[in-house]
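Examination of the molecular architecture
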Amino acid sequence: MNIRQYITALTGLCGLLLASCDDGIMDPVGNTILPDEDKVTVYADTFQIIASTVEYDSLYARTNSGYLGEFYDPLYGRLKSDYLCQFYCKEGFRFYQTPDNGRIDSVSLVIMYDQWKGDPNIPMQISAYPVVRELTKNFYTNIDPTVFCDMRTPATSQAYSAQSGTIIDSLTTTGTYLREHKLPLSVEWGQKLYDETINNPSSFNDQESFNRYFPGLYITTDYGSGNMLYVYYTQIRINYHTTLQSSAGEDSIVNITEVFNVSKDVIQLNRFQSTDTEKLLENNNNYSYIKTPAGIFTHLVIPSVEIDKILKNRIVNYVSLNLKYMPQEDLPYALTPPPYLLLLPEDSIGTFFENRNIENNITSYVSNYSGSSSVGYNEAGRVYPFPNISNLLSYHISLKPDEDLRLLVVPVNRTVGTSGSNTYTTALSHYLAPSGLEIRKDGDNMKGVIISSYLYGK
């Protein structure tokens, strides 16, 4: 029998063998196929995974969207999110027209959002504080705003609720309309900026010059709890009017707005503070936890040292891993499951996201549910499947045969592309929206299955 026939036969057996596995680590179920002169024995073994909950104090979050607010969940605890940001300035920026009498009319900070988590009617307050020291490109979420900001007096503050935002006639990629909150900024600040374009235009020569002139804002909430906005855009708008003369010699007053955006070309530093997580981190025989964007992950230990002793000269063909989770809490604003989970060695989490890697199905895997093209879990079965991580196990054993395989399960946001009927990953990043998972580790829920084979005479 040639190798293609062998693989076809082996693949057909995998599904049958998965249903016949014994409990306990590495209890073999041997099945012999093929003629005596080309005999292969296939083994199905189970192994026990050790699961626990770990906390990382910071995530890599390089993005120009953000989360703003504070939210509490009885199981997962409290979460607060805010951000520091610069504003993009076009090289050689000048006002489009000269304001009448050289005067600015108004200035506003605009927070645009497309979704939220929590009670949309709860009263809260946004405040923006001036950044007085240039931001550094440290995109980890444990940033301390007081290092960069003057926290004595906010540049602006305003009460709000998520539901009260003005609807903008513009759909986002989520299929929802944008809403905005417009906070007044000092007219004097806008006047000073206009005067700077006239008296010291070099401040607008490039982004670095503009950052020195205006380092940015720290946008936070300092009143209220129970809602978190998913911020889509952050802008500063400077409004003025000018008088223009038509070809017929008639004067008309025209209102103009100059806009400075937070964009991918400038720095935004997202900060997340998670509290009341002690209960999640306690030793627990039944569950491990995931909470975003709090850096609460599930940690897995696969006994690869013992597995290697049992496998000996076998070929590892298939390793299954299914993470089952409990139903979400019966609460009005309960945290929902993250769309995808990433499985990767614990020592590679930093470089993976900093280098903007995607799964390679050797050392990293994304949960894959074949019944959905938009999420990596089976909602009806409440399971995140990782269909075959055999490459990961084999690769680890080849490099570190004397160390067990230690993995992290990390929630991720997945951007995809399509080629025909196939969908593939184009980008992975930490999932930063509020979400929570209670992963089951009771009974047989942390048992994996290995399908291996030994081919005689090869």
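Residues numbered from 1 in each chain as written. Predicted model: local features only at pLDDT ≥ 70, side-chain atom pairs only at ≥ 80, totals over all residues. Heavy atoms only, no water.

Of regular secondary structure, the protein possesses seven helices and 24 strands. With respect to the three principal axes, the spread of C-alpha positions in the protein is 100 × 45 × 35 Å. Split into buried and exposed, the 458 residues of the protein put 49% on the buried side. Long-range contacts, defined as pairs at least 24 residues apart, comprise 78% of the intrachain contacts of the protein with a sequence gap of at least 6. A total of about 21800 Å² of accessible surface is found on the protein, and carbon and sulfur atoms cover 46% of it. With 34 positive and 50 negative side-chain charges, the protein shows a spacing of 2 Å between the two charge centroids. (Helix = DSSP H or I, 4+ residues; strand = E, 2+ residues; numbered from the N terminus. Buried < 20%, exposed > 50% of the residue type's maximum accessible area, 1.4 Å probe, protein only. Contact = heavy atoms within 4.5 Å. Areas by Shrake-Rupley, 256 points an atom, 1.4 Å probe, with all protein chains shown as cover. Lys, Arg positive; Asp, Glu negative; His and termini not counted. Charge placed at Lys NZ, Arg CZ, Asp CG, Glu CD.)

The next point concerns the side chain of Ser 364. Considering the arrangement of structural elements, one finds Ser 364 in the loop between helix H6 (349-354) and strand S19 (365-366). Residue classification places Ser 364 among the buried positions, given a relative accessible area of 2%. One polar contact links the side chain of Ser 364 to the main-chain amide nitrogen of Asn 360, over a distance of 3.1 Å. Residues within four places of Ser 364 in sequence aside, it is in contact with Leu 342, Leu 343, Leu 344, Phe 352, Ile 358 and Glu 359. (Polar contact = N/O pair within 3.5 Å; in protein donor to acceptor, adjacent residues only side chain to side chain.)

On to the nonpolar core, then. Ranked by internal contacts, the top residues of the largest apolar core, which has 42 residues, are Leu 84, Leu 342 and Phe 353. Contributions of two or more residues to this core are made by strand S4 (66-73), strand S5 (77-85), strand S12 (227-245), strand S14 (268-275), strand S16 (296-302), strand S18 (340-345), H6 and strand S21 (405-419). Among the nonpolar cores identified, the runner-up in size contains 35 residues, and Phe 93, Ile 104, Ile 111 and Ile 236 belong to it. (Core = buried A, V, L, I, M, F, W, Y, C linked by side-chain atoms within 4.5 Å.)

Under the defined criterion, the tally for this structure stands at 25 aromatic pairs. On the numbers, 6.4 Å between centres and 85° between planes, the contact of Tyr 76 with Tyr 289 is edge-to-face. Here Tyr 289 lies in strand S15 (residues 287-292) and Tyr 76 lies in the loop between S4 and S5, a separation of 213 residues in the sequence. Judged on exposure class, the residue Tyr 76 and its partner Tyr 289 are both buried. Measuring from ring centre to ring centre gives 6.4 Å for Phe 210 and Tyr 213, while their planes differ by 40°; the resulting arrangement is tilted. Residue Phe 210 and its partner Tyr 213 are both found in helix H3 (residues 207-213); the two are separated by three residues, about one turn of the helix. For Phe 210, a relative accessible area of 1% puts it in the buried group. Here a set of aromatic residues connected by ring pairs shows up, and it is made of Phe 87, Phe 93, Phe 95, Trp 189, Tyr 194, Phe 204, Phe 210, Tyr 213, Phe 214, Tyr 240 and Phe 260. (Phe/Tyr/Trp six-rings, centres within 6.5 Å; stacked < 30°, edge-to-face > 60°.)

On average, the protein scores 90 in pLDDT, and the residues at 70 or more come to 91%. Scored below 50 in pLDDT, residues 1-13 shows 13 contacts in the model against residues more than four places distant or in partner chains. Taken as a whole, residues 15-33 scores under 50 in pLDDT and shows 54 contacts with residues more than four places along the chain or in a different chain. (pLDDT = per-residue confidence, 0-100.)

Most of S5 sits inside the fold, with eight of its nine residues counted as buried. Bridge analysis of S4 against S5 gives five bridges, and the strand direction is antiparallel. Residue pairing in the sheet places Glu 70 in a bridge with Lys 80 of S5. The hairpin formed by S4 and S5 contains three residues between the paired strands. With eight bridges connecting them, S5 and S14 associate as antiparallel partners. (Pairing = 2+ DSSP bridges.)

Glancing now at helix H5 (residues 304-311). When H5 is considered as a whole, its buried residues turn out to be Ser 304, Ile 307 and Leu 311. Along H5, the residues classed as buried sweep out an arc of 55° about the axis, all on the same side. On its buried face, H5 is in contact with strand S2 (40-48), S16, strand S17 (315-324), helix H7 (390-399), S21 and strand S24 (447-455). Note on H5: the residue one or two positions beyond its end, Lys 312, has a positive phi of about 50°. (Arc of directions from axis to C-beta.)

A few words on the environment of Phe 210. The sequence separation of Phe 210 and Val 409 amounts to 199 residues, and the corresponding C-alpha distance is 41 Å. Aside from chain neighbours lying at most four places away, what touches Phe 210 is Phe 87, Cys 89, Leu 193, Ser 203, Phe 204 and Phe 260.

Further remarks concern the layout of surface pockets. By volume, the largest pocket amounts to about 1500 Å³. What lines the largest pocket is a set of 45 residues, among which Thr 63, Ser 65, Tyr 67, Asn 413 and Ser 429 lie closest to the centre. Mapped onto the lining of the largest pocket, the elements with two or more residues apiece are S4, strand S6 (106-118), S12, S21 and strand S22 (422-430). Partitioned by chemical class, the residues of the lining of the largest pocket number 23 nonpolar, 16 polar and six charged. Size it by volume and the second largest pocket reaches roughly 410 Å³. Together, 21 residues line the second largest pocket, and Pro 345, Glu 346, Asp 347, His 396 and Lys 400 are the ones closest to its centre. No other element matches the four residues that H7 contributes to the lining of the second largest pocket. The class makeup of the residues in the lining of the second largest pocket is eight nonpolar, seven polar and six charged. (1 Å grid on protein atoms, 1.4 Å probe; cavity = no way out; pocket = protein on both sides within 12 Å on 5 of 7 lines; lining within 4 Å. Points joined across faces, edges and corners; volume = space filled by probe spheres on them. Nonpolar A, V, L, I, M, F, W, Y, C, P; charged D, E, K, R; others polar.)

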